[in-house]
Amino acid sequence: MQLDLNLLTALDALLEEGSVAGAAARLHVTAPAMSRSLGRLRRTTGDQILVRTGRVMTPTPYAVAVREHVHDLVLQAQTVLAPSRELDLDSLDRTFTLRWHDSLVTLGGPTLLSAVRSQAPGVRLRFIAESSVDTPELRRAQVDLEANADRPATPDIRAEHVTESRHVIVVRQGHPLTRAGTVTAAQYAAAEHITVSRRGHLGNALDDAFTELGLSRQVVAAAPTEAAAFAFARDSDFLLTVPEITMRPAATAFGLTVLHLPVELPPAPVYLSWHQRYDSDPAHMWLRDLARTALRGPDGE
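Let us look at the structure shown here. Only a predicted model underlies this, so the values are computations on that prediction, with no experimental measurement involved. (Residues numbered from 1 in each chain as written. Predicted model: local features only at pLDDT ≥ 70, side-chain atom pairs only at ≥ 80, totals over all residues. Heavy atoms only, no water.)

### A look at the nonpolar core
Right, on to step 1. If you look at the biggest cluster of nonpolar residues, it comprises 27 residues, and the most contacted ones within it are W100, L112, L272 and W286.
Right, on to step 2. Mapped by element, the contributors of at least two residues to this core are strand 3 (94-100), helix 5 (102-119), strand 4 (123-128), strand 5 (145-148), strand 12 (268-275) and helix 10 (282-295).
Right, on to step 3. It is helix 10 that provides the largest number of residues to this core, a total of seven residues.
Right, on to step 4. Once residues lying within four places of it in the same chain are set aside, the contact partners of L112 are L98, W100, L125, F127, L287, L290, A291 and A294.
Right, on to step 5. Grouped together as the second largest cluster of nonpolar side chains are 20 residues, L14, L15, M34 and L41 included. (Core = buried A, V, L, I, M, F, W, Y, C linked by side-chain atoms within 4.5 Å. Buried < 20%, exposed > 50% of the residue type's maximum accessible area, 1.4 Å probe, protein only. Helix = DSSP H or I, 4+ residues; strand = E, 2+ residues; numbered from the N terminus. Contact = heavy atoms within 4.5 Å.)

In structure tokens, the structure reads:
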């Protein structure tokens with residue numbers, strides 16, 4: 001039997017994506033080309049690999065059994081066939097796509113870009129907005145690095161806990177609560193609130209904390225980004241609750257004041273996430289190191 005590494009790569013993509021279209025997009029080939037690869041795989045293995053169940057494709061028992069082994073083989077082959085592992089930053093010519101929460105772009109983006117430009121002038125960064133729905137771009141190699149508060153649930157996506165931050169209240173300068181000294185839970189609940197949610201959710205973990213205290217709050221709007229929420233808070237008496245670490249870059253720009261949160265909330269985590277195919281990629285490892293430093297902020301928290 002003649003070994004065809006392209007066929008093995010196609011099998012890996014089909015098993016990870018669960019569809020011909022998804023595998024084609026990941027490997028940057030046409031759907032008909034991927035369909036032909038699936039046909040060859042079926043003839044070679046004597047198994048259907050993926051079978052249609054209603055509107056979706058379902059892996060066969062054989063496919064489920066070999067999925068991890070196939071993926072390991074592809075990673076090993078990529079390592080063996082990769083060019084020199086020495087990283088020459090002066091000659092590195094590469095574009096990285098980063099999907100970060102908007103507040104994290106504000107927090108760490110300028111520091112990261114400055115470090116990249118000083119070390120590898122041929123590298124470009126593409127910061128793209130988060131989607132309102134979960135997307136598979138990390139798995140399809142369309143996004144190189146994510147940064148947000150979510151730990152990925154799929155085993156092929158790596159996640160590193162970079163830092164975390166307590167929550168604080170954000171109000172405009174001169175807000176009535178700034179004259180109250182210590183803000184009580186009752187005063188906080190009685191105010192009108194703005195939430196930050198790219199999906200438009202009006203509620204979050206804060207409401208659970210209020211419920212435990214026998215309180216409830218009035219949320220008047222959900223903003224898709226922290227920057228938009230800061231603008232609402234700057235021009236009104238609305239309250240905003242955000243991680244302190246992401247608040248710092250905006251405090252001066254928006255003329256906002258930070259108050260202590262009178263209810264207990266778990267700290268907000270920051271995760272860096274990437275696909276395992278980049279675990280040992282020197283350029284990606286270099287970028288992750290810079291991103292890690294940038295997201296921890298000037299105090300290195």
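### Quick notes on a nonpolar patch on the surface
Right, on to step 1. A surface patch of nonpolar side chains, amounting to about 310 Å² of accessible area, comprises L5, V80 and L81.
Right, on to step 2. Within the secondary structure, L81 sits in helix 4 (residues 61-81).
Right, on to step 3. Using a relative accessible area of 60% as the deciding quantity, one classes L81 as exposed. (Patch = residues over 30% accessible without salt bridge, like charges linked within 9 Å, V, L, I, M, F, W, Y side chains within 5 Å. Areas by Shrake-Rupley, 256 points an atom, 1.4 Å probe, with all protein chains shown as cover. Salt bridge = Lys/Arg side-chain N within 4 Å of Asp/Glu carboxyl O.)

### Quick notes on the pattern of salt bridges
Right, on to step 1. Applying the stated criterion to the full structure yields 16 salt bridges.
Right, on to step 2. The shortest N-O distance in the salt bridge between E137 and R99 comes to 3.1 Å. Placement of E137 in the loop between strand 4 and strand 5 and of R99 in strand 3 is noted, with a sequence separation of 38 residues between them.
Right, on to step 3. Between R234 and D235 there is a salt bridge; the shortest N-O distance is 3.3 Å.
Right, on to step 4. Via salt bridges that share partners, D12, E16, R26, R139 and D156 belong to a single interconnected network.

### Re the packing of aromatic side chains
Right, on to step 1. Enumeration over the complete set of coordinates arrives at three aromatic pairs.
Right, on to step 2. Taken together, a centroid distance of 5.4 Å and an interplanar angle of 80° make the contact between W100 and F127 edge-to-face. Here W100, found in strand 3, pairs with F127, found in strand 4; they are 27 residues apart in sequence, far enough to count as distant.
Right, on to step 3. When its relative accessible area of 1% is taken as the criterion, W100 is described as buried.
Right, on to step 4. In this structure, R277 is placed above the aromatic ring of Y278, and the distance from its NZ or CZ to the ring centre is 5.8 Å. (Phe/Tyr/Trp six-rings, centres within 6.5 Å; stacked < 30°, edge-to-face > 60°. Lys NZ or Arg CZ within 6 Å of the ring centre and 35° of its normal.)

### With respect to unusual backbone geometry
With the exception of glycine, the majority of residues adopt a negative phi angle, and the majority of peptide bonds are in the trans configuration.
Right, on to step 1. Even without a glycine there, the phi angle at H28 is positive, about 60°.
Right, on to step 2. Of note, H28 is situated in the loop between helix 2 (20-27) and helix 3 (31-45).
Right, on to step 3. With a phi close to 70°, I49 is a non-glycine residue in the positive phi region.
Right, on to step 4. With respect to the helices and strands, the residue I49 is situated in the loop between helix 3 and strand 1 (50-53).
Right, on to step 5. Looking at I49, the relative accessible area reads 0%, which means it is buried.

### Notes on the packing of helix 1 (residues 5-17) against helix 3
Right, on to step 1. In contact at an axis separation of 10 Å, helix 1 and helix 3 are set at 105° when each is read in the N-to-C sense. By the criterion of interaxial angle, the relationship of helix 1 to helix 3 is roughly perpendicular. Between helix 1 and helix 3, the residues in contact are L7, A10, L11 and L14 and M34, S37, L38, R40, L41 and T44, respectively.
Right, on to step 2. Classifying every residue of the contact of helix 1 with helix 3 by side-chain character gives seven nonpolar, two polar and one charged. (Axes fitted to C-alpha atoms, helices over the stretch in contact; angles between N-to-C directions. Parallel < 35°, antiparallel > 145°, perpendicular 65-115°, else oblique. Nonpolar A, V, L, I, M, F, W, Y, C, P; charged D, E, K, R; others polar.)

### Focus: the sheet that holds strand 4
Right, on to step 1. The strand order across the open sheet formed by five strands is 4-3-5-12-6, and the pairing between neighbours is mixed. Looking at strand neighbours, the two that pair on one side only are strand 4 and strand 6 (157-165), the edges of this open sheet. Between one strand axis and the next, the sheet turns through 20° on average, direction left out of account.
Right, on to step 2. In this structure, strand 6 lies alongside strand 12, joined through eight bridges in antiparallel fashion. Paired with E160 across the strands is L272, a residue of strand 12. (Pairing = 2+ DSSP bridges.)

### So, the packing of helix 8 (residues 226-234) against helix 9 (residues 244-254)
Right, on to step 1. At a closest axis distance of 11 Å, the pairing of helix 8 and helix 9 adopts a crossing angle of 45°. Viewed along their axes, helix 8 and helix 9 adopt a mutual orientation that is oblique. The handedness of the crossing between helix 8 and helix 9 is right-handed. Between helix 8 and helix 9, the contacting residues are E226, A227, F230, A231 and R234 on the first element and T246, M247, A250 and F254 on the second. (Left-handed = near helix turned anticlockwise from the far one by under 90°.)

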